Structure formats: structure tokens, C-alpha cells
Amino acid sequence: SLLAKRLGVKEEAVFDTLAHLKEKRTKPPSSAAAAPSKPKLSAEDLLMGIILKKPAKIKEVQTQIKVYDIINKELQEIYSHLLKLYNQSNQDILSRLKKGMNRQTQNKVDDLILVIDRLEKTEEDFETDFPQLVAKIKGNNRETLKSYYAEEIKKAESKNDLVRLKILIKEFQDAISK
């Protein structure tokens, strides 16, 4: 079949998969499947989803959230590209973003947009949530920084390494003032 040729698999595999899918569809849904739970999303996921859905929001957030404020590395990469593309031109950002990313990251972008679409929230809800998400990300970043530097300073103190201690305190002050 044409599908098997395009996928580069044997026809039997295509027919077996289709038969398996048909079996799944004909089974009655269980009570657990009838009421799917909403996925747990981090503040970063939600913020990124909103920005991807409404790229004009980048203007509001780019002065408040820096790339290093995003802890999740994949979201950090997406955010970095978004900022770069937005600063070049705010036209057609989503398609330009996807062109420059690998398949896994493209899927993550699509998933974030899909989750935002599935949330039962109004435009007003997103407007209310947006500043709260920004504040939460900033707060999470500060807590992460505090924990990291507290641990590093503790290590330097235990080794009586005054030079390292001074460097860490200066780095911490610089990081927290950003």
C-alpha cells in the first residue's frame, strides 16, 4: 500500500496497527478514562504556553523574565529563540520558531499550545494569571539561587576558603540583584 511505502514499513505492520486501533476504539471507556485528569503544569509551562499562543505577550514579559530565569532547559531554549525572533520581527513567530528547532522541541511547542487550548480558561483568566506566573517564576528562580549559593557558601566555609567565599558572596549578590 502507499502508506506502507511512505512510512518504509511492511504492509502487515500497517494493517496490524490499524486493527489494534480499531479494537481500542470499540472498547467501552472505563470510569477512569471517562474523566481524564488535567495534566500538572509548572508555572514555566503555563507561561511558555501562553506566550506561544499569544506571541504579543513577549513584549510584556521580556523585561521581567530573562532566559536564565527559566529553569527547565528545553523551555529555556524555546524562550531564548522566541526572544531572538521577536526582536528581529514580531511577524509569524511561531512558524519561524518551529523551523529553527529539532523535532522533539517542535513537539514540546505543539504540546504547550495544545494544553493552553484545552484549559477551560477565558481570555480574562489568562490576563489575570499572566502576572502571577511571571512573579512565581521570578520567585522560584530566587529560591533556587538562594539554595545553590547557601550550599556553596557552606562548603567554602567548611574548607576555610576565604577567597572562594568572597567570590560566592559577590556572585550571589550580583545574581539576586538582576
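Look a little higher up for the structure.
If you're wondering where the values come from, they're calculated on a predicted model, not measured in any experiment. (Residues numbered from 1 in each chain as written. Predicted model: local features only at pLDDT ≥ 70, side-chain atom pairs only at ≥ 80, totals over all residues. Heavy atoms only, no water.)

**Some remarks on the nonpolar core**
Argument step 1. Counting residues in hydrophobic clusters, the biggest one holds 30 residues, and the most contacted among them are Leu-47, Met-48, Leu-52, Ile-78 and Leu-82.
Argument step 2. Looking at this core, the elements with two or more residues in it are helix H4 (43–53), helix H5 (58–61), helix H6 (73–88), helix H7 (93–99), helix H8 (103–118) and helix H9 (123–158).
Argument step 3. The element that contributes the greatest number of residues to this core is H6, accounting for seven residues.
Argument step 4. Sequence-distant contacts of Leu-47, that is, excluding residues within four places in its chain, are made with Val-61, Ile-65, Phe-130, Leu-133, Val-134 and Ile-137.
Argument step 5. The next biggest cluster of nonpolar side chains, apart from the first, holds seven residues, and it includes Ile-153, Leu-165, Leu-168 and Ala-175. (Core = buried A, V, L, I, M, F, W, Y, C linked by side-chain atoms within 4.5 Å. Buried < 20%, exposed > 50% of the residue type's maximum accessible area, 1.4 Å probe, protein only. Helix = DSSP H or I, 4+ residues; strand = E, 2+ residues; numbered from the N terminus. Contact = heavy atoms within 4.5 Å.)

**Thoughts on the pattern of salt bridges**
Argument step 1. On inspection of all chains with the given rule, the structure shows ten salt bridges.
Argument step 2. The closest approach of N and O atoms between Lys-146 and Glu-143, which form a salt bridge, is 3.6 Å. Of the two residues, Lys-146 and Glu-143 are both situated in helix H9; the distance of three residues between them amounts to about one turn of the helix.
Argument step 3. Assessed through its relative accessible area of 40%, Lys-146 is described here as partly exposed.
Argument step 4. Here the residues in one salt-bridge network are Lys-57, Glu-60 and Glu-127, joined through shared partners. (Salt bridge = Lys/Arg side-chain N within 4 Å of Asp/Glu carboxyl O.)

**Quick word on the packing of H4 against H9**
Argument step 1. In contact at an axis separation of 9 Å, H4 and H9 are set at 130 degrees when each is read in the N-to-C sense. If you check the angle between H4 and H9, you find them oblique. As for how H4 packs across H9, the hand of that crossing is left-handed. Note on element contacts: H9 touches H4 through Phe-126, Phe-130, Leu-133, Val-134, Lys-136 and Ile-137, opposite Ala-43, Glu-44, Leu-46, Leu-47, Ile-50 and Ile-51.
Argument step 2. The residue makeup of the contact of H4 with H9, split by class, is ten nonpolar, no polar and two charged. (Axes fitted to C-alpha atoms, helices over the stretch in contact; angles between N-to-C directions. Parallel < 35°, antiparallel > 145°, perpendicular 65-115°, else oblique. Left-handed = near helix turned anticlockwise from the far one by under 90°. Nonpolar A, V, L, I, M, F, W, Y, C, P; charged D, E, K, R; others polar.)

**Focus on H9**
Argument step 1. Given a rise of 1.5 Å per residue, 36 residues ought to cover 52 Å, and the 52 Å separating the end C-alpha atoms of H9 matches this to within 8%.
Argument step 2. The sharpest bend along H9 comes to roughly 30 degrees, located at Asp-129, with the proline Pro-131 sitting one to four residues further on.
Argument step 3. Every buried residue of H9 is accounted for by Phe-126, Asp-129, Phe-130, Leu-133, Val-134, Ile-137, Asn-141, Leu-145, Tyr-149, Glu-152, Ile-153 and Ala-156.
Argument step 4. Downstream of H9 by a residue or two, Asn-160 has a phi angle that is positive, lying close to 55 degrees. (Expected span 1.5 Å × (residues − 1). Bend = angle between axes of the 7 residues up to and from the residue.)

**Quick notes on unusual backbone geometry**
Argument step 1. In the Ramachandran plot, Asp-92 falls in the positive-phi region, its phi being about 55 degrees despite a non-glycine side chain.
Argument step 2. Tracing the backbone through its elements, the reader meets Asp-92 in the loop between H6 and H7.
Argument step 3. One non-glycine residue, Asn-160, lies in positive phi territory at about 55 degrees.
Argument step 4. With respect to the helices, strands and loops of the structure, Asn-160 is situated in the loop between H9 and helix H10 (162–177).

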